[in-house]
Amino acid sequence: MAEFQRPTLCCCRKALTVPSKSCEGGRNLAQCRLVDIASASNFHSFKLRHFHLDLRLNFAVKEMTGWQVLELVPIQPGAHTLVLDSHPSLLIHSIDCKVPGTTAAQDITLSLTYRVDPFTDYGSSLNISLPASVTRPHRAFQITVRYTTTDGPAIWWLDAELTCGQTRPLVFTQGHSVCNRSFFPCFDTPAVKSTYSATVRVPEGVTVLMSASRSAYSKQERVFQFSMEYPVPAYLVALVAGDLQHADIGPRSRVWAEPCILACAVSKLGGSVERWLNVAEDLFGPYVWGRYDIVFLPPSFPIVAMENPCLTFIISSILESREFLLIDVIHEIAHGWFGNAVTNATWEEMWLSEGLATYAQRRITTEAYGEAFTCLETVFRLDALHRQMRLLGDNNPVSKLQVKFEPGINPSSLMNLFTYEKGFCFVSYLSQLCGDVKSFDSFLRAYIEQFKFTSVVAQDLLDFFLGFFPELKESCVAQREGLEFERWLNDCGPPLCEPDLSAGGVLTGPVQSLCDLWACDPQDPEAIANFNLSSWSTFQTVLFLDRLLDRSPLSNQVMGQLSRCYSAQLDEMNAEVQIRWLQIVVRNSFYPDLPRVRGFLHKHVSVDWTRELDCYWAAHVLMRGSYVTMLLAVANVANFFPFYNCFWIYLQRYYYTIQLY
């Protein structure tokens, strides 16, 4: 998943209880008493076999109404209360239980008592009293919860004018990390996986998609049926409904989008997805989810992409940049193995998903596009990591791979570059220990096969690694001075070491040379003119602009020369490039180019809302202060006018790539 949200700083707490070696592969996490302080549920006491959703979508009042059936098995004696994660926005109407009858008697349905208690600002606890007749250990029973969703954080209702086509409304859900408790009551922890099914009833003309392996549609009844036959955690259950059409782009892939952008999406992806899937399967083993479909969502989608099984959600604005689209889709494909098939059992170890997926993504791009391309992408990501490190400081606890957070802290707020890039560096270090990247590929295939459809902790990965390479265990690599596994996981600061990226020099070298020329005083216009940005890749251009930003503040004279050389050219490039130039403009208070900020906003919002741009110019007065003030000004406008979310999203995405002074 590619995340936008700004991390919230937090304090450390005592270490989590982790599974012992007897709890092999995280397969028996209930008995291991894994602690997940982000969940109010008593998931240790019950096994969730399956759940079914039956929902009716009402776009007029922006509600989903229906029921959920949970099939549960008690696994702890004396468990007479079922506690599920919920949310104040979920209106519970009733709860009943089907009590198994005797051989001669039919099942009996009982109405159950329940209460909703506060938990955190991102959820509540639903406490359901169970009759003794259903709490017999290892005997399945069913609970039915009838409820209505309102304005919870998981469900995004978009009026027609907020969609790409501006013809019909659209709704989508986003469950990561702990939002789906406002979609349906659940064990909202990555430690719990189950299969699920759904029935969704919609108005005429609405197409529904879910992160499911099978689907069916009854046109006469306007009912969509879905089934996910493989166990998934609650956060990976996703739904989107609106004016969506599709086109096949491979034997197991299709693109879904609003009609106005479908052709563009197909042309950008072509037959590439099947190629990437084949490369990934060669590296990591079979793709276990069957289909790999992609749905492009309006710019209001709150993150870049989300790895929902069988159906990746991705923001439509990414279509502007082929290279970023390529990287983001390949990253979500990698999650099919790392994050979806094998999942981090606690949000405090998100690197087990994102760090491994980032490593897998770069193995795929190396095989598909060469080592130089992968090194270039890695260089500018690691540049951003060090930029974030300078901002946060070397001792900030969010820079740990095993992040500890206090009760009440939303796990989503802890998503940052360390989760991805420091995690990637640790996985790369493990690969280097093997001495052969192909051997590490074999290890990753075996890791997936061993832990498939389960949730794990870091110790599971590391124990399996040392067991797979006994010679490394015998040489005590886990305790190698300065590079101890424990330090990788629990030390603050940058990665203990980084991979060799010299193979990317053919692409990064010209970028650094041009940066150095602009650092000279005076500049050499002839030497600078020898570099043609239009011949560079997007990644080269953004690396150049990022490094210029690192050199800020720049003199007004240098900014004037940069503007004369590049601003018109950059206006013709994609938003990933433009937003970086705008950061440089604002960071250096270069007023002649500030109108380009308005131009960027105008390009990325509906023309029907240009009247509201005057509000941006009111906020522009605040830009004469610090860059932080500017961000807050734009954020304030974005809160009132949803179309500004596009610009605000871009700003949030690069928040930690900026030096704030």
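Residues numbered from 1 in each chain as written. Predicted model: local features only at pLDDT ≥ 70, side-chain atom pairs only at ≥ 80, totals over all residues. Heavy atoms only, no water.

By the definition in use, this model includes 27 salt bridges. When the shortest N-O distance is used, the salt bridge between Glu 377 and Arg 362 registers 2.8 Å. In this pair, Glu 377 sits in helix α6 (residues 371–392) while Arg 362 sits in helix α5 (residues 351–369), placing the two residues 15 residues apart along the sequence. Accessibility classification places Glu 377 together with Arg 362 in one group, the buried group. Residues Glu 377 and Arg 381 are paired through a salt bridge, measuring 3.1 Å at the closest nitrogen-oxygen approach. In this pair, Glu 377 and Arg 381 are both assigned in helix α6, four residues apart and thus about one turn of the helix distant. The two residues Glu 377 and Arg 381 agree in class, both being buried. Overlapping salt bridges bring together Arg 362, Glu 377, Arg 381 and Glu 421 as one network. (Salt bridge = Lys/Arg side-chain N within 4 Å of Asp/Glu carboxyl O. Helix = DSSP H or I, 4+ residues; strand = E, 2+ residues; numbered from the N terminus. Buried < 20%, exposed > 50% of the residue type's maximum accessible area, 1.4 Å probe, protein only.)

Note the cis peptide between His 176 and Ser 177, where omega equals -5 degrees. Secondary-structure assignment places Ser 177 in the loop between β10 (170–173) and β11 (194–201). Cis rather than trans, the peptide bond between Asp 521 and Pro 522 has omega equal to 5 degrees. With respect to the element layout, Pro 522 can be found in the loop between α12 (505–519) and α13 (525–529). Phi at Cys 310 is positive, roughly 75 degrees, even though this residue is not glycine. We classify Cys 310 as buried; its relative accessible area is 4%.

Here the protein chain averages 87 in pLDDT, and 85% of its residues register 70 or above. Ignoring residues within four places in sequence, the model shows residues 3–31, a span with pLDDT below 50, making 87 contacts including any to other chains. With pLDDT under 50 throughout, residues 605–661 is counted as low confidence; its partners more than four residues away or in other chains account for 119 contacts. (pLDDT = per-residue confidence, 0-100. Contact = heavy atoms within 4.5 Å.)

For Thr 195, the position within the fold is in strand β11. What makes Thr 195 buried here is its relative accessible area of 18%. Thr 195 sits 144 residues away from Phe 51 along the chain, and the two C-alpha atoms are 6.8 Å apart. If we ignore the near neighbours within four places in the chain, the residues touching Thr 195 are Arg 49, His 50, Phe 51, Met 228, Glu 229, Tyr 230 and Pro 231.

What follows is about the sheet that holds strand β9 (residues 155–158). Taking strand neighbours across the sheet as the criterion, the four strands line up as β9-β10-β15-β12 in an open arrangement whose pairing is antiparallel. The strands lining the two open edges of the sheet, one partner per strand, are β9 and β12 (207–210). In this sheet, neighbouring strand axes are inclined to one another by 10 degrees on average, regardless of whether the strands run parallel or antiparallel. Note: β10 against strand β15 (residues 239–242), two bridges, orientation antiparallel. Bridging across to β15, Phe 172 finds its partner in Val 240. (Pairing = 2+ DSSP bridges. Axes fitted to C-alpha atoms, helices over the stretch in contact; angles between N-to-C directions.)

We now examine the state of the cysteines. If you walk through the whole model with that rule in mind, you get zero disulfides. Free of any disulfide, Cys 425 has its nearest cysteine sulfur in Cys 497, 7.3 Å distant. Residue classification places Cys 425 among the buried residues on the basis of a relative accessible area of 1%. (Disulfide = S-S within 2.5 Å.)

Turning to the packing of helix α4 (residues 322–335) against α5, a few remarks are in order. When two helices pack together, you describe them by how their axes are tilted relative to each other and by the distance separating the axes. Put simply, α4 and α5 touch, their axes get as near as 8 Å, and they point 120 degrees apart. Between α4 and α5, the crossing angle belongs to the class labelled oblique. The two elements α4 and α5 cross, and the hand of that crossing is right-handed. For the pair formed by α4 and α5, the contact residues are Arg 322, Leu 326, Ile 327, Ile 330, His 331, Ala 334 and His 335 on the first element and Ser 353, Glu 354, Ala 357, Thr 358, Ala 360, Gln 361, Ile 364, Thr 365 and Tyr 369 on the second. Taken together, the residues of the contact of α4 with α5 sort by class into eight nonpolar, six polar and two charged. (Parallel < 35°, antiparallel > 145°, perpendicular 65-115°, else oblique. Left-handed = near helix turned anticlockwise from the far one by under 90°. Nonpolar A, V, L, I, M, F, W, Y, C, P; charged D, E, K, R; others polar.)

Our focus in this paragraph is the nonpolar core. Core analysis: the largest hydrophobic core is formed by 214 residues, its most contacted members being Leu 57, Ile 143, Phe 296, Phe 465, Phe 485 and Phe 544. Discounting chain neighbours no more than four positions away, the residues touching Phe 465 are Leu 430, Leu 433, Cys 434, Phe 440, Phe 443, Leu 472 and Phe 485. (Core = buried A, V, L, I, M, F, W, Y, C linked by side-chain atoms within 4.5 Å.)

Here we come to the sheet that holds strand β13 (residues 214–218). Spatially, the eight strands line up as an open sheet ordered β5-β4-β8-β2-β1-β11-β14-β13, and their pairing is mixed. This sheet does not close on itself; its edge strands, each paired only once, are β5 (108–111) and β13. Averaged over neighbouring strand pairs, the angle between their axes works out to 15 degrees when direction is ignored.

Turning next to the packing of aromatic side chains. Scanning all chains against the criterion turns up 46 aromatic pairs. Ring geometry for Phe 51 and Tyr 196: centres 5.5 Å apart, planes at 15 degrees, overall stacked. Of this pair, Phe 51 sits in strand β1 (residues 46–58) while Tyr 196 sits in strand β11, and the two are 145 residues apart along the sequence. This pair shows no difference in class: Phe 51 is buried, exactly as Tyr 196 is. Here the aromatic rings of Phe 440 and Phe 443 are separated by 5.3 Å at their centres, their planes lie at 35 degrees, and the arrangement is tilted. Placement of the pair is Phe 440 and Phe 443 together in helix α8 (residues 437–451), with a separation of three residues, close to one helical turn. Given a relative accessible area of 1%, Phe 440 falls into the buried group. Its relative accessible area of 0% is what places Phe 443 among the buried residues. (Phe/Tyr/Trp six-rings, centres within 6.5 Å; stacked < 30°, edge-to-face > 60°.)

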